[in-house]
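Read off the chains here:
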Amino acid sequence: MVKVTLDNVSKFFGKVKAVVDLNLKIGDGEFIALLGPSGCGKTTTLLMVAGIYKPTKGRILFDDRDVTRLPPRDRNVGMVFQSYALYPHMTVYDNIAFPLRLKKVPKNEIDRKVRQVAKLLRIEELLNRKPSQLSGGQQQRVALGRALVKEPDVLLLDEPLSNLDAKLRVIMRAELKKLQKELKVTTIYVTHDQVEAMSMADKIAVMNAGRLQQYAEPSELYNRPANLFVAGFIGSPPMNFVEGSVKEVNGEYYFDSAHFNLKLSSEIGELISSKTSEVIMGFRPEDARIIKEEQPNTIQGKVYVVEPLGKDIIVNVKVGEILVKILTRPGIEIMPGQDIWLKLNMNKIHFFEKQSGKVII
Amino acid sequence: MGVKDRLFPIGGTALILNILKYIVVIIVAVVPLIPIWTMILWLAVQSFSGKVILGIIPSDFTFKNWRFLWSPMKMGLKEYPNIWPITLNTLFLALGVTGLVVFISTLGGYALSRMEFKGRVGLMQFIIALHAFPSIILLIALFVILNHLGLYGKGIMTLVGIVLIKAGLEIPMATWIIKGFFDAIPWDLEWAALVDGCTRWKAWRTVILPLVLPGIGAISIFSFLSGWSEFLLVFTYVKDEAYYTLPVLIYHMIGEYKFIDWGMLAALGLFYAIPTIIFFSTSQKLLLRIYVGGIKR
C-alpha cells in the first residue's frame, strides 16, 4: 500500500485543458473519490495515475517514488474500467490469472490466488465461463478480481457501478466499501454520482472543468462547501440559491433580495460586508421550515408543486421569480397555490461572493 | 379507417401485395443466378462426360478428363508429369502472398488505427487512391525492377518476385480492411492489458490480435484467392513453363492450340475452382461480417 501524491499535475490534449494544476494527497489505505460532471477531467486524472496518459506538467508520486514517467506495468496498480474491459476471448479464470501470468508467478501459486480472489468476490462457480456469458454484476466482480489478484499498491475504479441496475448498485456500494476497508488498499474512485462518492469515500475531490474545486471529507463538503459549484453539486435535491446584497441599516444587517429582506446576525453581517456586498445566499432544502402564518424574519412564497417521495416531501415554492425546493416530512397539508412562509435555519445558511463564487461563510 | 389499417392493409390487398413482393424479389435476386449456376453445373457435368455436351445432361460417363491428376499432360513442346507441380507453384504464390499480406497489414492496420503520427490521414487517403490504378500500368516498370533485382527469368526466384509484387498490390486494401477491425476494439481493453502488466507489443499479441482474428481470416482468404487467380504477372514475367501457375496453364490450354479438349478443360476449370469453393463454403459467415464491417460483441 502506498501514499499517492499528485503534484501540480496538468494534462492538455492540444488546446483542450483536461486537467489543470491538480494537487492531491491520498493517504495510505485511504478511499478517495474523484467527483464531478462528465468531462471534468476525473477519468483523465485516473488514467494518469495508472500511467496510460503522461502528464503534460507536474509529478505523480507513490510514496516518495516518482512514477510520472513509469509505464503502467511498472506501477503495480489495479484498475476497473467503466466498461469492465474483460478480455472477451478468455475465460473468467484466465482473465483473473492474466496479470499473474505476466508477472511469471508459478502455476500453482496463480491457481491458489485466483481461487482465493474468486472466493472473496463469490464468483467461484463462474471461473470457466466467458465474459459474454455473465451478467453486468458478475462482469463487474470479475473485473474487480482481475484488479485485486495482483495485490496492487493502488486500486483505481472508473465508474464501476454505472452499468449496474439501481438495486444492484446500492448493494455493490456497500460491498465495495467493506472490501476496501478489509484489504486496506489505497483506492481512487471516479464517479459523477455524488451519492456514491458521499456514501463510500473517506475523502472527496470535487472537480469541474479540469480544476479541483474542493478536497475534503464528505460531511465537510456538505456542510462547508468551498464555492458555489460544490454547493450546487453536492446534495440532492440541490442547494437553493438566491441572489441579493447585504446592507446595513441603523447598525443592523440585512440580506436584501428582490423579493424579501432577511435580518442577519451582526457577526455574519459584518463579516460579509467587510468583503463584498453583492452575494448569493444558499440554503439546503432541509434547512428551511414551512409555516402557515407570517412570522418575523420569514420569506413569503407560494406553493408551486409538491413531490412526495414516501419518507419525505419536496415542496417547490415560488418566491418572487425564483423557485426553491424545501424538504419536509409528510403530515402538513400543503396545496399548490397556497401562500406559505419559510423560516430558515440561520446557522446553516451559506453566503458566496457573487463575482468569484467563493464561499464567505 | 385508422392509421393501423392503412399501414397494414387486410384481406385481398395484403395478399396481392405480398405476392408482388415475392415476385420482385425473385426477379431481382434469383433469376440472374440461374445462368451462372447453369454454367457451373455444365462444367461439372462436362468434366465427367466423354463427349462434348451442349446442355446439362451427361453423356458417356468417364474419369478420362481428370487424367491430368495422375498421368502426364502435354502442352505444346512441354510435357508435365501431371498437374501437381503446377498446383504447387500456384499454392506457393498464393500462400506467399497471404503470409506477407497478413503479416504486414496486421501491423500496419494497428498503427493506422491506434497510433498518432504525422501524415496518418494523408497516408490513409493515399492508400485508397493507390487502389484506383490497375496493376497493368505497372507492368513495364516492375519488369525493370525485377530485372535489376535479378529476379527475372530465374526460375523459382521469379515466382518469389511475383509474390512480392502481388503482396505489395494487396497490402494497402488489406491494411485498410484490418484497420476497421482494430478500430472496433475499445481502448479500454488495450489499457486494461497495459495496466495488467503488458508491454504495448505484448498487449497487441495477447489481447488485441485474438480479437481481430475474423479480420485476419478475411484478408487471408482475399489475398489467397487473389494470389491463386493471379494471371497477368505470371503470364508476363514467367518464361519457364516449369514455373507456370494454373491460370496461365488454363490459358495456354485454350489459347495456343487449335484442338481444344473440352472435357479436360472443364475438369481443369473445376479443379482450379476447388480452393475458392472450399473457402467460400467454410467462411461465409466471416465474409458476411467483413462486408458488414467490424466485430460483433
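Residues numbered from 1 in each chain as written. Chains lettered and ligands numbered in written order. Predicted model: local features only at pLDDT ≥ 70, side-chain atom pairs only at ≥ 80, totals over all residues.

*Asks:* Would you take a moment to explain the overall build of chain B for this structure?
*Replies:* Each helix and strand counted, chain B has 14 helices and two strands in total. Taking all 297 residues of chain B together, the buried fraction comes to 28%. Here the analysis covers contacts within chain B between residues at least 6 apart in sequence; of these, 68% occur between residues at least 24 apart. (Helix = DSSP H or I, 4+ residues; strand = E, 2+ residues; numbered from the N terminus. Buried ≥ 20, exposed ≤ 12 C-beta atoms within 10 Å, placed from the backbone. Contact = placed C-beta atoms within 7 Å.)

*Asks:* Explanation requested: the overall build of chain A in the structure shown.
*Replies:* Within chain A one finds nine helices and 20 strands. When the backbone C-alpha atoms are referred to their principal axes, chain A occupies close to 80 × 45 × 35 Å. In chain A, buried positions account for 40% of the 361 residues. Sequence separation of at least 24 residues holds for 65% of the intrachain contacts in chain A that already meet a minimum separation of 6.

*Asks:* Whenever I open this one, the nonpolar core confuses me. Can you help?
*Replies:* Nonpolar side chains tend to gather and get buried jointly when the protein is soluble and globular. Judged by nonpolar contacts, the single largest core of 147 residues is most densely connected at A:Val49, A:Leu156 and A:Ala205. A total of eleven residues in this core trace back to one element, the largest contributor, which is helix α7 (residues 156-183) of chain B. Ignoring sequence-local partners within four residues, the contact set of A:Val49 consists of A:Val4, A:Ile60, A:Val77, A:Val154, A:Leu156 and A:Ile188. (Core = buried A, V, L, I, M, F, W, Y, C linked by C-beta atoms within 7 Å.)

*Asks:* Where do I start with the packing of helix α8 (residues 187-196) of chain B against helix α9 (residues 200-211) of chain B in this structure?
*Replies:* Think of two packed helices as two axes; the pair is described by the angle between the axes and how far apart they sit. Residues and elements named next belong to chain B. Closest axis-to-axis distance for the α8/α9 pair is 10 Å, and the angle between their directions is 130°. Our classification of the angle between α8 and α9 gives oblique. As α8 runs across α9, the sense of the crossing is right-handed. Taken together, the residues of α9 that come into contact with α8 (itself represented by Leu189, Glu190, Ala193 and Leu194) are Ala203, Val207 and Ile208. Within the contact of α8 with α9, the residues separate by chemical class into six nonpolar, no polar and one charged. (Axes fitted to C-alpha atoms, helices over the stretch in contact; angles between N-to-C directions. Parallel < 35°, antiparallel > 145°, perpendicular 65-115°, else oblique. Left-handed = near helix turned anticlockwise from the far one by under 90°. Nonpolar A, V, L, I, M, F, W, Y, C, P; charged D, E, K, R; others polar.)

*Asks:* Which parts of the structure should I look at to understand the sheet that holds strand β20 (residues 350-353) of chain A?
*Replies:* Within a sheet, neighbouring strands are paired by backbone hydrogen bonds and run either parallel or antiparallel to one another. Residues and elements named next belong to chain A. Strands sit in the order β13-β12-β11-β14-β20 across an open sheet of five strands; the sheet is antiparallel. Strand pairing shows two members of the sheet lacking a second neighbour, β13 (261-264) and β20, which therefore form its edges. Going from strand to strand, the sheet's axes swing by 40° on average, the running direction of each strand aside. Sheet topology places strand β11 (residues 240-249) next to strand β14 (residues 278-283); six bridges connect them, and they run antiparallel. Following the sheet pairing, Ser245 is matched in β14 by Glu278. Here helix α9 (residues 266-275) sits on the sheet in contact with β11, β12 (252-256), β13, β14 and β20, set at roughly 95° to β11. (Pairing = 2+ DSSP bridges.)

*Asks:* When you look at the sheet that holds strand β17 (residues 313-319) of chain A in this model, what are you seeing that I'm missing?
*Replies:* Residues and elements named next belong to chain A. In space, the five strands of this open sheet follow the order β15-β19-β16-β17-β18, with antiparallel pairing throughout. Either end of the sheet is taken by a strand with one partner, and the two such strands are β15 (288-291) and β18 (322-328). If you compare each strand with its neighbour and ignore which way they point, the axes differ by 45° on average.

*Asks:* Help me out: how do you make sense of the interface of chain B and chain A in this one?
*Replies:* Often, the extent of an interface is quoted as the loss of accessible area on bringing the components together. Contact with chain B, which involves 15 residues of that partner, is made by 17 residues of chain A. Counting residues per element, the ones that place at least two in the side of chain B that touches chain A are α8 and α9 of chain B. By residue number, the principal contributor to the side of chain B that touches chain A is α8(B), which donates seven residues. Of the residues that constitute the side of chain B that touches chain A, the class distribution is ten nonpolar, two polar and three charged.

*Asks:* Explain the domain arrangement of chain A here, please?
*Replies:* Residues and elements named next belong to chain A. For chain A, the assigned domains read domain 1 (4-233) and domain 2 (240-353). Distance from the C-alpha centre of domain 1 to the C-alpha centre of domain 2: 40 Å. In this assembly, four residues from domain 1 lie in contact with four residues from domain 2. For the side of domain 1 that touches domain 2, a count of residues per class yields three nonpolar, one polar and no charged. (Domains from an automatic or database assignment.)

*Asks:* What am I meant to see in helix α5 (residues 166-183) of chain A here?
*Replies:* Note that an α-helix has 3.6 residues per turn; residues three or four places apart therefore point the same way. With 18 residues, α5(A) should cover 26 Å at 1.5 Å per step; its first-to-last C-alpha distance of 26 Å lies within 8% of that length. Backbone geometry just after α5(A) places A:Lys184 at a positive phi near 55°. (Expected span 1.5 Å × (residues − 1).)

*Asks:* Explanation requested: the environment of A:Met172 in the structure shown.
*Replies:* Here A:Met172 shows up in helix α5. With 35 residues separating them in the primary sequence, A:Met172 and A:Gly137 have C-alpha atoms 8.6 Å apart.

*Asks:* Explain the environment of B:Leu91 here, please?
*Replies:* All names here are of chain B. Examined against the element boundaries, Leu91 turns out to sit in helix α4 (residues 84-114). We classify Leu91 as partly exposed; it has 17 C-beta atoms within 10 Å. Between the C-alpha atom of Leu91 and that of Trp228, which follows or precedes it by 137 residues, the distance is 6.8 Å.

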